[in-house]
Amino acid sequence: MESNHPDQHWQVIKVNLAGRIKTVRIDLFGVHGGPLLAQRLKVPFRTWLEYEEGLTIPAQTILRFIEITNADPHWLLTGEGAQYRTP
């Protein structure tokens, strides 16, 4: 019998979100642009790397990320639709 524990589902969402924020960071700031993005987000670079590895991102940080990058919130959460919001 397969376990469908809610924490497993949440972990998948976090890992997928981490991959998508990394994709946006590389797209807009380059492969080595993590320190620049972390500075704009006002978080330590090491903390940003942990977010890209799946650590839970505080609401204030993800909202600032969306504001800075214009990433589409629906795409960040689901991977569906446009990656960026249109102005």
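You'll find the structure just up there.
Throughout, residues of each chain are indexed from 1 in the direction in which the sequence is written. pLDDT decides what is reported in this predicted model: residues at 70 or higher carry local features, side-chain atom pairs at 80 or more are listed and counted, and totals for whole chains, interfaces and linings draw on all residues regardless. Working from all heavy atoms in the structure, the side-chain values ignore hydrogens and water.

In this section: helix α4 (residues 59-69). Taken residue by residue, α4 has T61, I62, F65, I66, I68 and T69 as its buried positions. Counting from the N terminus, the helices are the DSSP runs of H or I reaching at least four residues and the strands are the DSSP runs of E reaching at least two. Following α4 by one or two positions, N70 has its phi on the positive side, about 65 degrees. Only protein chains enter the area calculation, which uses a 1.4 Å probe; residues under 20% of their type maximum are buried, those over 50% are exposed, and those in between are partly exposed.

Another point: helix α2 (residues 34-41). Burial in α2 covers these residues: G34, L37, A38 and L41. Down the axis of α2, the sector holding all buried residues measures 100 degrees, keeping them to one side. Looking one or two places after α2, you find K42, whose phi comes out positive at around 65 degrees. To obtain the arc, one takes the directions from the helix axis to the C-beta atoms.

Working convention: axes come from line fits to C-alpha atoms, limited for helices to the stretch in contact. Angles between N-to-C directions cover 0 to 180 degrees. At a minimum axis distance of 10 Å, the contact between α2 and α4 shows a crossing angle of 110 degrees. As summarised for this structure, α2 and α4 are arranged roughly perpendicular, according to the angle between their axes. For the element pair α2 and α4, the recorded crossing hand is right-handed. Seen from α2, the contacting residues are L37, R40 and L41; seen from α4, they are T61, R64, F65 and I68. Of the residues in the contact of α2 with α4, the class split is four nonpolar, one polar and two charged. In these notes the angle categories are as follows: under 35 degrees is roughly parallel, over 145 is roughly antiparallel, 65 to 115 is roughly perpendicular, and the rest is oblique. Left-handed describes a crossing in which the near helix is turned anticlockwise from the far one by less than a right angle; the clockwise case is right-handed. Contacts are assigned to residue pairs that have any heavy atoms within 4.5 Å of one another. Classification used: nonpolar for Ala, Val, Leu, Ile, Met, Phe, Trp, Tyr, Cys and Pro, charged for Asp, Glu, Lys and Arg, polar for all others including Gly.

Take the pattern of salt bridges next. Between Lys or Arg on one side and Asp or Glu on the other, a salt bridge is scored when a side-chain nitrogen of the former is within 4 Å of a carboxyl oxygen of the latter. Under the criterion given, the structure shown has four salt bridges. A salt bridge links R25 to E52, with the nearest nitrogen and oxygen atoms 2.8 Å apart. Of this pair, R25 sits in helix α1 (residues 6-29) while E52 sits in helix α3 (residues 45-52); the two residues are 27 residues apart in sequence, bridging distant segments of the chain. The exposure class assigned to E52 is buried, which follows from its relative accessible area of 10%.

Further remarks concern the layout of surface pockets. Estimated volume of the largest pocket: approximately 240 Å³. Every residue lining the largest pocket is counted, 18 residues in all, and those nearest its centre are W10, L17, I57, I62 and L77. Elements with a contribution of two residues or more to the lining of the largest pocket: α1, α4 and α5 (73-78). The dominant element in the lining of the largest pocket, judged by the number of residues it contributes, is α1, at six residues. Within the lining of the largest pocket, the residues separate by chemical class into 15 nonpolar, two polar and one charged. Put plainly, a pocket is an open set of points on a 1 Å grid over the protein atoms alone with protein on both sides within 12 Å along at least five of seven lines, a cavity is a set where a 1.4 Å probe fits but cannot get out, and a lining residue has an atom within 4 Å of a point. Grid points are joined across faces, edges and corners, and a volume is the space filled by probe spheres set on the points.

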